[in-house]
Amino acid sequence: MSTSTTHILPIRRRWIFLGACALLLVVGSSFRRLALSSATGLQPLVEPLAQDPHIQVYFNQSEASVYTEPYREVERHGDDLEKVILDAIASATTSIDVAVQTLNLPLVAEALAEQASQGIQVRLILENQYSQADGEQAIALQQLSNSQVLRLDDTADGSKGSGLMHHKFVVIDSRVVVTGSANFTQSGIHGDADKPESRGNANVLLRIEDLAIAQKFTEEFNLMWGDGPGDRPDSQFGLQKPPRPAQPLTLPSGTLTLQFSPTSSTLPWEQSVNGLIARTLSQSTRSVELALFVFSEQAIANQLETQTTQGTQLRALIDPGFTYRSYSEALDMLGVALPNRHCKIETDNRLWRRPIESVGMPTLPEGDKLHHKFAVVDDTTVIVGSQNWSHAANTENDETLLVIRNPTVAAHFNREFERLYRAPELGKTDKLAWKIAEAKERCPGF
């Protein structure tokens, strides 16, 4: 046997050994998926991503997990966001504070009532327009009315209500926060009861375990709560709250900047939550990905145009119901202006000098909306919260925004964006051409 052959055989053995190891990993992964498949009838389409110990991320249309909805009993892909909420509630030992625009999930109402009956302090704040609703909402609220859960809405300050009490957060024992874009409703989490194909408005919830962050959310809650459902109208909603600047906080695996809206328009815009969004986007050097329900804040669009001229690659998805509204910044990106119902162009409107084609709308299950309000910057930073990128959210509503600098967290949002971007309608679509033709017919001279 030659010397060269002697060297080749050990190398071949190593490659055979490495190949066998790789095969075992693939087979092991397949067995895990098959085990889940046999239990549920479905299997995950992708492998789960690693979670950060302090900030876990959950998407109700995730392709990495499977669950059975508790109401429609539908087996489907997604993280069970209601279970995330229920698990947090069940872990409480002293207090539960909930501030959410609307709540119609009977299991959540039942869990809150049960914890209150065990002597845990449970406080609930709702948006007044949704606190007297019919149907499922009425059932859930009746459960709470028959319990020891303390409740008020944004008329507790003596007003007719703020712009919108649009928060979506839970604080457990002043140590754990669950927050994101999801309202605590069946359509916001699982899917519309009367639409079998619906999988819920595309939403995210984050579970954050950190004392300092939880304390900031508790302070926001206490401003709105005042003395609770008592005689004094000392609750503070909307612009009755004092200005609260962005608050940078440090975690073991990254940083988190937290800010609450609204900010008075008498203060510099740069100090507002939308100002924080623009400031974060201005730091991009490679890429920005947007998944937004509404995008109508002109100054943020102007900042994005600056970033694209400096080489940042931008991809954007807007909910189909808002993509081509006259005030949508998606139009600016496409280099198109549409008149409003008064045949006027939006004040301060600014079309991009170099339009892009990578903006549009996702393809969604029937009945569902793109309810996200997130951006991913350079694959490392996430902007997320309850705040839509609009003037009203910035200056009228009670809102939350987080800027999270953490690659592990960002990877989850990257995957969700890529899922939504898989089959989008981008650029100057036939639907946009129809909107332009309709505008010309409706507004002569346009």
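What comes next concerns the included structure. All of these numbers come straight from a predicted model, not from anything done at the bench.

Notes on the overall build of the protein chain
At step 1: Counting its secondary structure elements, the protein chain contains twelve helices and 18 strands.
At step 2: Looking at the 446 residues of the protein chain, the share that counts as buried comes to 52%.
At step 3: A separation of at least 24 residues holds for 71% of the contacts in the protein chain among residues at least 6 apart in sequence.
At step 4: With the model as given, the accessible surface of the protein chain reaches about 19,600 Å², and the carbon-plus-sulfur share is 55%.

A short note on the packing of aromatic side chains
At step 1: Inspection of every chain in the model, using the stated rule, returns eight aromatic pairs.
At step 2: With 5.0 Å between their ring centres and 70° between their planes, phenylalanine 374 and phenylalanine 413 make a pair best called edge-to-face. Here phenylalanine 374 is found in strand β15 (residues 373-377), whereas its partner phenylalanine 413 is found in helix α11 (residues 407-420), with 39 residues between them in sequence. No difference in accessibility class separates phenylalanine 374 from phenylalanine 413, as the two residues are buried.
At step 3: Between phenylalanine 417 and tyrosine 421, the aromatic rings sit 5.2 Å apart at their centres with planes inclined by 25°, giving stacked as the arrangement.
At step 4: Phenylalanine 417 sits in the buried class, given a relative accessible area of 0%.
At step 5: By relative accessible area, tyrosine 421 is classed as buried at 14%.
At step 6: An aromatic cluster is present here, built from Phe59, Phe374 and Phe413 joined pairwise through their rings.

Description of the state of the cysteines
Each disulfide is one covalent bond, formed between the sulfur atoms of two cysteines.
At step 1: Taken as a whole, this structure holds one disulfide when the rule is applied.
At step 2: A sulfur-sulfur separation of 2.1 Å characterises the disulfide bridge that pairs cysteine 343 with cysteine 443. Classification of the bridge connecting cysteine 343 and cysteine 443 rests on its S-S torsion, roughly -80°, and on that basis the disulfide is left-handed. Here cysteine 343 is found in the loop between α9 (329-334) and β14 (359-361), whereas its partner cysteine 443 is found in the segment after α12 (430-442), with 100 residues between them in sequence.
At step 3: Cysteine 343 gets classed as partly exposed once you look at its relative accessible area, which sits at 36%.
At step 4: Overall, the relative accessible area of 4% leaves cysteine 443 in the buried class.

Comments concerning unusual backbone geometry
A negative phi angle characterises most non-glycine residues, just as the trans form characterises most peptide bonds.
At step 1: Residue proline 262 follows serine 261 across a cis peptide bond; omega there is 5°.
At step 2: Inspection of the secondary structure puts proline 262 in the loop between β11 (254-261) and α7 (273-281).
At step 3: One non-glycine residue, aspartate 379, lies in the positive phi region at around 60°.
At step 4: Note that aspartate 379 resides in the loop between β15 and β16 (381-385).

Some details on the sheet that holds strand β1 (residues 55-59)
At step 1: With mixed pairing, the seven strands of this open sheet are ordered in space as β1-β9-β8-β7-β4-β5-β6. Strands with a single pairing partner mark the edges of an open sheet, and in this sheet they are β1 and β6 (150-153). Within the sheet, the average angular offset between the axes of one strand and its neighbour, ignoring direction, is 10°.
At step 2: On top of the sheet, helix α2 (residues 81-90) reaches β1, β4 (95-100), β7 (168-172), β8 (176-180) and β9 (204-209); it is set at about 145° to β1, its chief contact.

Things to note about the pattern of salt bridges
At step 1: Evaluated as defined, the whole model comprises 20 salt bridges.
At step 2: We note a salt bridge from arginine 76 to glutamate 69, for which the minimum N-O separation is 2.8 Å.
At step 3: Residue arginine 76 is classed as buried on the basis of its relative accessible area, which comes to 1%.
At step 4: Its relative accessible area of 2% is what places glutamate 69 among the buried residues.
At step 5: A salt bridge links aspartate 227 to arginine 232; the shortest N-O distance between them is 3.4 Å.
At step 6: Salt bridges sharing common partners tie together Asp173, Arg175, Arg207 and Glu209.

Here we look at α2
At step 1: Looking only at α2, the buried set comprises Leu81, Glu82, Val84, Ile85, Ala88 and Ile89. The arc enclosing the buried residues of α2, seen along the axis, measures out at 160°, which places them on a common side.
At step 2: Where α2 starts, the residue carrying a side-chain oxygen 3.2 Å from the main-chain nitrogen of glutamate 82 turns out to be aspartate 80.

Considering the environment of glutamine 56
At step 1: Here glutamine 56 lies in strand β1.
At step 2: On a C-alpha basis, the gap between glutamine 56 and leucine 206 in space is 5.5 Å, while along the polypeptide they are 150 residues apart.
At step 3: Apart from the residues within four sequence positions on either side, glutamine 56 is in contact with Gln51, Leu205, Leu206 and Arg207.

Topic: the sheet that holds strand β12 (residues 287-292)
At step 1: Pairing is mixed across the open sheet formed by nine strands, whose spatial order is β10-β11-β17-β16-β15-β12-β13-β14-β18. The sheet terminates laterally at β10 (247-251) and β18 (425-426), the two strands that pair on one side only.
At step 2: Judged from the five bridges that link them, β12 and β15 form a sheet pairing that is antiparallel. Note that in β15 the partner of glutamate 289 across the bridge is valine 376.
At step 3: Against the sheet, helix α6 (residues 211-225) contacts β10, β11 and β17 (399-405), and its axis sits at roughly 0° relative to β11.
At step 4: In this fold α7 packs onto β11, β12, β15, β16 and β17, with an angle of close to 20° to the strand it touches most, β17.

Definitions and limits used
- Residues numbered from 1 in each chain as written.
- Predicted model: local features only at pLDDT ≥ 70, side-chain atom pairs only at ≥ 80, totals over all residues.
- Heavy atoms only, no water.
- Helix = DSSP H or I, 4+ residues; strand = E, 2+ residues; numbered from the N terminus.
- Buried < 20%, exposed > 50% of the residue type's maximum accessible area, 1.4 Å probe, protein only.
- Contact = heavy atoms within 4.5 Å.
- Areas by Shrake-Rupley, 256 points an atom, 1.4 Å probe, with all protein chains shown as cover.
- Phe/Tyr/Trp six-rings, centres within 6.5 Å; stacked < 30°, edge-to-face > 60°.
- Disulfide = S-S within 2.5 Å.
- Pairing = 2+ DSSP bridges.
- Axes fitted to C-alpha atoms, helices over the stretch in contact; angles between N-to-C directions.
- Salt bridge = Lys/Arg side-chain N within 4 Å of Asp/Glu carboxyl O.
- Arc of directions from axis to C-beta.
- Polar contact = N/O pair within 3.5 Å; in protein donor to acceptor, adjacent residues only side chain to side chain.

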